[in-house]
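Single-letter residue listing:
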Amino acid sequence: MTYQETVEWMFVQLPMYQEIGKTAFNGKLDNILKLCAHLGHPETQFKSIHVAGTNGKGSSSHMLASILQEAGYKVGLYTSPHLKDFRERIRINGLSISESDVVTFIKEHRSIFDDLQLSFFEMTVGMAFSHFAKEKVDIAIIEVGLGGRLDSTNIIQPEVALITNIGYDHMNLLGNSLEEIAREKAGIIKKETPVVVSEYQEDIAMVFKEVAKKHNAPLVFASELKTNQYRTSLLGNYQSKNIKGVIAVLKRLPNFEIREEHIVAGLLDVVKNTHLMGRWQLLRDKPQVICDTAHNSEGLALVIAQLQEQLKGDLHFILGFVKDKNLDAVFPLFPKKATYYFCAPKIRRSLAVSILKEKAEHYGIKGNSFPSVNEAYKAALADASVDDLIFIGGSNFTVAEVL
């Protein structure tokens, strides 16, 4: 099979959670353990940092990778979902896994994928671990896909674990309260392994304290530490919270030499070093067009606050969501005085535009419907004046179509 045929087979035969939702979520580690045994246990052949959380885990993972690259290390980076190309999920020093490596991995191990009926995510995690072991990375930053406790990545024994901001997302899988969600994320805490929690959130701090104590794992809340002020190429005021967690992790990472100049350079060159997309990404000027993959109430609240803070003219929102999004938690955050363009990304899980428009109107938010994300984008560009600001978001998939 060609690379394109291989990726299409992975998507169609072994559907991923992001595409079809709960039915793709396995919820146990048996299969990934069997796969990694078949692969010769690659997860034991490299050092790692494990990153979980609701908001900020992707940005934090890329920051960590960038700083470690600046310090001269060979750094693996596993993240999800991808925005444009599947290979974005598996990188070493910013370079994506090659198309031929993807094809070869699937071809060589196709029989076990069929025998175990592996999920898309299990296959991808196995591919990442195998690639990092084969390429002998010095360390890999491994971002949790969903939750933590039962996530396929949770078979590694990291040097340090990082848990970023906890918010309401994927409640149908992780629980309906912040405490339940936090407990799932805390599932990455391992015996006697340092754990950093980026933010002290009063309602759930006790969950992390309890789980860390149970595993005799040294715990620190980074928001309560004093750190230097750093600038980063990742725009968005919310990044300051992520930076604190990243710095705290690096201070607890044993046997790696990371100097102040590596931190400064790594944070300034995150995008250049890791090719991160979709985090407060400026697509054009006059009018300003910004996209951001924030898609739950906590993340969107921060984004909307910053949009209003830097607004000179009028605000335009291009919005597309997935079906399981809690819009009752999201729509009260959006300003009524703005122009809205409702659309649906081209995936099976996308929320129908008619439902999205009706729900928005229930909260006094009015706008027009469009047959595609790009049609909505064209309309916004035609409507906006040079001082206006256009925001594209609601889902990773809405952002991906514009990129």
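Summarised in this report is the structure supplied together with it.

Conventions we followed
- Residues numbered from 1 in each chain as written.
- Predicted model: local features only at pLDDT ≥ 70, side-chain atom pairs only at ≥ 80, totals over all residues.
- Heavy atoms only, no water.
- Buried < 20%, exposed > 50% of the residue type's maximum accessible area, 1.4 Å probe, protein only.
- Helix = DSSP H or I, 4+ residues; strand = E, 2+ residues; numbered from the N terminus.
- Arc of directions from axis to C-beta.
- Contact = heavy atoms within 4.5 Å.
- Salt bridge = Lys/Arg side-chain N within 4 Å of Asp/Glu carboxyl O.
- Pairing = 2+ DSSP bridges.
- Axes fitted to C-alpha atoms, helices over the stretch in contact; angles between N-to-C directions.
- Phe/Tyr/Trp six-rings, centres within 6.5 Å; stacked < 30°, edge-to-face > 60°.
- Lys NZ or Arg CZ within 6 Å of the ring centre and 35° of its normal.
- Expected span 1.5 Å × (residues − 1).
- Parallel < 35°, antiparallel > 145°, perpendicular 65-115°, else oblique.
- Left-handed = near helix turned anticlockwise from the far one by under 90°.
- Nonpolar A, V, L, I, M, F, W, Y, C, P; charged D, E, K, R; others polar.
- Core = buried A, V, L, I, M, F, W, Y, C linked by side-chain atoms within 4.5 Å.

## Details of helix 15 (residues 353–362)
Inference 1: Buried within helix 15 we find Val353, Leu356 and Ala360. On an axial view of helix 15, the arc spanned by its buried residues comes to 60°, and they lie on one face. Of the exposed residues in helix 15, those oriented more than 90 degrees away from the buried face are Ser354, Glu358 and His362.
Inference 2: Those residues of helix 15 hidden inside the fold are in contact with strand 11 (315–319), helix 14 (327–330), strand 12 (339–342) and strand 13 (367–369).

## Details of unusual backbone geometry
Inference 1: In this chain, Ser80 is followed by Pro81 through a cis amide linkage whose omega measures -5°.
Inference 2: By the element assignment, Pro81 lies in the loop between strand 2 (75–78) and strand 3 (90–92).
Inference 3: With omega at 0°, the peptide bond leading from Lys286 into Pro287 counts as cis.
Inference 4: Here Pro287 shows up in the loop between strand 9 (281–284) and strand 10 (288–291).
Inference 5: The phi torsion at Asn93 lies on the positive side, around 45°, for a residue other than glycine.
Inference 6: With respect to the helices and strands, Asn93 occurs in the loop between strand 3 and strand 4 (95–96).

## Digging into the pattern of salt bridges
Inference 1: Summed over all chains, the structure comprises 13 salt bridges.
Inference 2: A salt bridge links Arg183 to Glu179, with the shortest nitrogen-to-oxygen separation between them at 3.7 Å. Residue Arg183 and its partner Glu179 are located together in helix 8 (residues 178–185), separated by four residues, close to a single helical turn.
Inference 3: Judged by its relative accessible area of 31%, Arg183 falls in the partly exposed class.
Inference 4: Note that Lys359 and Asp328 form a salt bridge whose closest N and O atoms lie 3.0 Å from each other. Of this pair, Lys359 sits in helix 15 while Asp328 sits in helix 14; the two residues are 31 residues apart in sequence, bridging distant segments of the chain.
Inference 5: Through salt bridges with shared partners, a single network forms among Glu179, Arg183 and Glu210.

## Some thoughts on the sheet that holds strand 9
Inference 1: Spatially, six strands are ordered 9-10-14-11-12-13 in an open sheet, and the strand pairing comes out mixed. Only two strands of the sheet have a single neighbouring strand rather than two, namely strand 9 and strand 13. Taking the axes of each pair of neighbouring strands and ignoring which way they run, one obtains an average angle of 20° across the sheet.

## A word on the sheet that holds strand 5 (residues 139–143)
Inference 1: Ordered by their spatial adjacency, eight strands build an open sheet running 4-3-2-5-1-6-7-8, and the pairing between neighbours is mixed. Each of the sheet's edge strands pairs with one partner strand only, and the pair in question is strand 4 and strand 8 (219–221).
Inference 2: Bridge analysis of strand 1 (residues 47–52) against strand 5 gives five bridges, and the strand direction is parallel. Bridging from a neighbouring strand, Ser48 pairs with Ala140 of strand 5.

## Some remarks on the packing of aromatic side chains
Inference 1: Evaluation of the coordinates by the stated rule reveals 17 aromatic pairs.
Inference 2: Here the aromatic residues Phe317, Phe321, Phe331, Phe334, Tyr340, Phe342, Tyr363 and Phe391 are joined through ring pairs into a cluster of three or more.
Inference 3: Across the ring face of Tyr3, the terminal group of Arg87 is positioned such that the distance to the ring centre comes to 5.8 Å.

## A short note on helix 13 (residues 297–309)
Inference 1: When the terminal C-alpha atoms of helix 13 are compared, their 18 Å separation across 13 residues agrees well with the 18 Å that a helix rising 1.5 Å per residue should span.
Inference 2: Burial in helix 13 covers these residues: Ser297, Gly299, Leu300, Val303, Ile304, Gln306 and Leu307.

## Observations concerning the packing of helix 3 (residues 30–38) against helix 5 (residues 99–116)
Inference 1: Put simply, helix 3 and helix 5 touch, their axes get as near as 11 Å, and they point 160° apart. Between helix 3 and helix 5, the angle is such that the two are roughly antiparallel. Relative to helix 5, the crossing made by helix 3 is right-handed. Between helix 3 and helix 5, the residues in contact are Asn31, Lys34, Leu35 and His38 and His109, Ile112, Phe113 and Leu116, respectively.
Inference 2: When grouped by side-chain class, the residues that make up the contact of helix 3 with helix 5 number four nonpolar, three polar and one charged.

## Quick word on the nonpolar core
Inference 1: The biggest cluster of nonpolar side chains holds 37 residues, and the ones touching the most others in it are Phe113, Met127 and Phe132.
Inference 2: Counting residues per element, the ones that place at least two in this core are helix 1 (3–13), helix 3, strand 3, helix 5, helix 6 (120–134) and strand 5.
Inference 3: No other element matches helix 6, which puts nine residues into this core.
Inference 4: Residues contacting Met127, with those up to four places away along its chain left out, are Met10, Phe86, Ile90, Ile97, Val102, Phe105 and Ile106.
Inference 5: Among the nonpolar cores identified, the runner-up in size contains 33 residues, and Ile49, Ala65, Val75 and Leu77 belong to it.

## With respect to the environment of Ala301
Inference 1: Tracing the chain through its elements places Ala301 in helix 13.
Inference 2: Owing to a relative accessible area of 32%, Ala301 belongs among the partly exposed residues under this scheme.
Inference 3: A sequence separation of 31 residues divides Ala301 from Pro332, and the C-alpha atoms of the two residues are 9.7 Å apart.

## Topic: the pairing of strand 6 (residues 160–163)
The side chains of a regular strand alternate between both faces of the sheet.
Inference 1: The two faces of strand 6 match: Val160 and Leu162 on one face and Ala161 and Ile163 on the other face are all buried.
Inference 2: Sheet topology note: the strand 1/strand 6 ladder contains four bridges and is parallel. Counted as the bridge partner of Val51 is Leu162 from strand 6.
Inference 3: Sheet topology note: the strand 6/strand 7 (residues 195–197) ladder contains three bridges and is parallel. Looking across to strand 7, one finds that Ala161 is bridged to Val195.

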